[in-house]
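Tertiary structure, described
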Amino acid sequence: MSDFDPILLTVNDLATTFQTAGGPLPAVGGVSFDLKRNETIGVVGESGSGKTVLTRTIMGLQQRTNVTVTGSVLLDGHEMVGASEGDKRALWGSEVAMIFQDPMTSLNPVMRVGKQIDESLRVRLGMSKADAKARAIELLELVGIPSPAHRYDAYPGQLSGGMRQRVVIAIALACSPKLLLADEPTTGLDVTIQAQILNLLDDLKERLHMSVILVTHDLGVVATRTSRIIVMYAGRIVEIGSTREVFSAHRMPYTRALLESSPKVSNDPHTRLVTIPGRPPNLLKLTQGCSFAPRCSYATDRCHQERPELQPADEPGHAYACWNPLPKTRKRTVKTT
Amino acid sequence: MNSAEPLLKIRDLKVSFGMGHHEVQAVAGVSFDIFEGETLGLVGESGCGKSTTGKALMRIVEPTSGTVELDGVDLCAQKGKALRNIRTRMQMIFQDPISSLNPRRRIKDIVAEPLDCWKSVTGSARDTVVSDLLVKVGIDPQVYGNRYARQFSGGQCQRISIARSLAMRPKLLICDEMVSALDVSVQAQILNLLEDLKKEYGLTLLFIAHDLAVVKNVSDRVAVMYLGKICEIGPSNTLYEVPGHPYTKFLLGAALEADPDSPVHGDVLTGEPPSPMNPPSGCRFRTRCPFATQKCADEEPLLSEVAPGHSVACHYPLNVKTPRKRAPRATA
């Protein structure tokens, strides 16, 4: 596809189901969205909401005998669902790359970090040993590692968590991907290091003209770093829209509950937090209705019997899945009382 | 709250770990008080010694030197039975709710264990106490009492840990990152529960966490640690609004508010904390501090009061009314 096509990624009715001993487990169901070039979209949700499985499915990593993937993931003209290992391998690195959650375990502990960056350069781009080394050192410098030539020979164990995450980013960027999937890239890192990594990702996105899918459970991370947000619950998109709109004019009660239950630095001490009663549902025992209905204070009979589909809100691109949406307000400030 | 005598008085607490031929001072001399009925938040980045401080108060790790006085009794000087006795008055809740409970034990036995150890309550009274505790934390003892710990989710395990820690009716509860492994909706439930129980049982809390928003929500006062030392301590609102230590300011600047209109802070702290094996001379923060001068390298700043109850360990504290001249930047 030409670079003039403004849409890089189109996900259509994507569903990932695991065959488990307890029956089919729909980890991701009916997810559709698209992503423009040079856009950052945030995916938020609690653990078990399917965020990670969604990104792994987009990457094409969820293909084993006990997994069924249906729907379509069209990445720059290439279909990822059902693609052969060889086809996908040709796309990994240059079209799409992924930063995994845990910087401690996603590197090989007994291989020098430089060699781990070289690997993709030599295999995918066919670079010579010397060229690959020079490029790897450049990449280490790009991601802000001090004395990169020296760090090239370090083992992951000799680096701190923040430094290791930078190495993981350098590996992901090695073949200049068009789409970067960042799965909780800063979870487990300290706030000051988190700010450094998020600034780095922002900066690299602009410089390298990438699109980024930023998966996180931390609403603070997506608030200022994304242009659009997807809110997931029990494997489905329950609300999608521009970041500003989702934060200030959300219609889905779950989105509000998620926003209100997170503590704020501006709160006074001993502020009572708004809680969501109950727990996320067991995906093996999903009912016909809205999966949030059992925890929702606005739920009616219809919510328990019939699943709401995404329907457009006022602002173009903003959609929510709810039978009893919150009233329209232009300015909804999140408050904890 | 600020009654004359603090419940817990910590003076010059130091904890060192041997590492081969080296020695790491994880806690390098901290002093603070916790007053009865208050919640003191302890924040800092990983490796700053906040968890070690919490554990040293319980003597789970042995302090190298210093004193920890609970109601006037020095815990560090106690041994054997006397130590065990006094330790019942302080309890600890740990970070990972699932691994801190034995997966193969029934939860009513887990909650009853402190009672069984001390044989303080036996027979049917024991079962009543256990049931009451489980009800208090929101778990139905009739339905769940006989289930095993492994059958519960993280949030429920944390509730069970809280019930267990309350069994001995402690005065002081040390919460070490107790909500950091939980999702926001569950985290809010646990934090509200903790506030309720604090009131009901008249607890005093030391709340150790790295999440500044969580700490602000529960704490009356907050202490900020960096590389084994306290760099600032003060009332929560004051400390968050007018931080005195540059490190506190940067830490707060890096904390992200869930609001798209909040400004992205341009001034991000560069670099990483230095190794505690070889801490910088003078002020420990000087290697990352944009305001550091030669004085910071030569002379260690001590905690000194900038406002009533608000102390800062910095030669050039921020937000202080008194006019001052900022010395030129150090070259080293």
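Not measured: the values here are computed from a predicted model. (Residues numbered from 1 in each chain as written. Chains lettered and ligands numbered in written order. Predicted model: local features only at pLDDT ≥ 70, side-chain atom pairs only at ≥ 80, totals over all residues.)

**Side note on the overall build of chain B**
On a plain count of helices and strands, chain B comes out with eleven helices and twelve strands. Compactness check: chain B gives a C-alpha radius of gyration of 21 Å against a globular reference of 20 Å for 332 residues, within 12% of the reference. Each principal axis of the C-alpha distribution contributes one length, and for chain B these read about 70 × 50 × 45 Å. A burial count over chain B gives 45% of its 332 residues as buried. Look at the contacts in chain B between residues 6 or more apart in sequence, and 66% of them connect residues 24 or more apart. (Helix = DSSP H or I, 4+ residues; strand = E, 2+ residues; numbered from the N terminus. Rg over C-alpha atoms; globule rule 2.2 N^0.38 Å. Buried ≥ 20, exposed ≤ 12 C-beta atoms within 10 Å, placed from the backbone. Contact = placed C-beta atoms within 7 Å.)

**Structural notes on the overall build of chain A**
A count of helices and strands for chain A gives eleven helices and twelve strands. Summarising its shape, the C-alpha atoms of chain A cover approximately 65 × 50 × 45 Å along the three principal directions. The buried share of chain A, taken over its 337 residues, is 47%. In chain A, once contacts between residues fewer than 6 apart in sequence are set aside, the share between residues at least 24 apart is 63%.

**Topic: helix α1 (residues 51–59) of chain A**
All names here are of chain A. The buried count for α1 comes to nine of nine residues, which makes it a mostly enclosed element. Residues Lys 51, Thr 52, Val 53, Leu 54, Thr 55, Arg 56, Thr 57, Ile 58 and Met 59 constitute the buried set of α1. Within two residues after α1, Gly 60 carries a phi angle of roughly 85 degrees, on the positive side.

**Looking at the packing of helix α7 (residues 191–208) of chain A against helix α10 (residues 246–254) of chain B**
As a packed pair, α7 of chain A and α10 of chain B sit with axes 8 Å apart at the nearest point and diverge in direction by 50 degrees. By the criterion of interaxial angle, the relationship of α7 of chain A to α10 of chain B is oblique. Read as a crossing pair, α7 of chain A and α10 of chain B show a hand that is left-handed. Two secondary-structure elements touch here, α7 of chain A through Val 191, Thr 192, Gln 194 and Ala 195 of chain A and α10 of chain B through Phe 250, Leu 251 and Ala 254 of chain B. Per-class residue counts for the contact of α7 of chain A with α10 of chain B are five nonpolar, two polar and no charged. (Axes fitted to C-alpha atoms, helices over the stretch in contact; angles between N-to-C directions. Parallel < 35°, antiparallel > 145°, perpendicular 65-115°, else oblique. Left-handed = near helix turned anticlockwise from the far one by under 90°. Nonpolar A, V, L, I, M, F, W, Y, C, P; charged D, E, K, R; others polar.)

**Description of the packing of helix α3 (residues 113–125) of chain A against helix α4 (residues 129–142) of chain A**
Residues and elements named next belong to chain A. Packing of α3 against α4 leaves a shortest axis separation of 9 Å and a crossing angle of 120 degrees. With respect to their mutual orientation, α3 and α4 come out oblique. Where α3 crosses over α4, the two elements pack in a sense that is right-handed. Mapping the contact onto sequence places Gly 114, Ile 117, Asp 118, Leu 121 and Arg 122 in α3 and Ala 132, Lys 133, Arg 135, Ala 136 and Leu 139 in α4. Considering only residue class, the contact of α3 with α4 consists of five nonpolar, one polar and four charged.

**Description of helix α7 (residues 184–201) of chain B**
All names here are of chain B. Counted at 1.5 Å a residue, the expected span for α7 with its 18 residues is 26 Å, and the 25 Å between its end C-alpha atoms agrees. Listed in full, the buried residues belonging to α7 are Val 184, Ser 185, Val 186, Gln 187, Ala 188, Gln 189, Ile 190, Leu 191, Leu 194 and Leu 197. In the segment just after α7, Gly 202 is the residue with positive phi, at about 60 degrees. (Expected span 1.5 Å × (residues − 1).)

**Focus on the interface of chain B and chain A**
Between chain B and chain A, the residue contacts involve 37 residues of the former and 40 residues of the latter. Of all the elements in the fold, those that place two or more residues in the side of chain B that touches chain A are α7, α8 (212–218), α9 (236–241) and α10 of chain B. The biggest single contributor to the side of chain B that touches chain A is α7 of chain B, with seven residues. Here the side of chain B that touches chain A is composed, by residue class, of 18 nonpolar, eleven polar and eight charged.

**A closer look at the sheet that holds strand β5 (residues 73–74) of chain B**
All names here are of chain B. Pairing in this open sheet of four strands is antiparallel, and the strands run β2-β1-β4-β5 from one edge to the other. Since the sheet does not close on itself, it has two edges, and those belong to β2 (22–34) and β5, each with one partner. Where strand β4 (residues 65–70) and β5 come together, two bridges link them in antiparallel fashion. Within β5, the position partnered with Glu 69 by the bridge is Asp 74. Packed on one face of the sheet, helix α1 (residues 50–58) meets β1 (8–19), β2 and β4 and runs near 70 degrees to β2. (Pairing = 2+ DSSP bridges.)

**Description of the sheet that holds strand β2 (residues 23–36) of chain A**
All names here are of chain A. In space, the four strands of this open sheet follow the order β2-β1-β4-β5, with antiparallel pairing throughout. Where the open sheet ends on each side, the last strands, each with one partner, are β2 and β5 (78–79). Pairing analysis gives two bridges linking strand β4 (residues 67–75) to β5, with the strands arranged antiparallel. Looking at β5, one finds that Leu 75 is bridged to His 78. Packing of α1 onto the sheet brings it into contact with β1 (7–20), β2 and β4, and relative to β2 it is tilted by some 70 degrees.

**With respect to the pairing of β4 of chain A**
All names here are of chain A. Taken together, the eight bridges between β1 and β4 define a ladder with antiparallel strand orientation. Looking at β4, one finds that Leu 9 is bridged to Leu 75. Hairpin connection between β4 and β5: a loop of two residues separates the two successive antiparallel strands, and Asp 76 in this loop has a positive phi of roughly 50 degrees.

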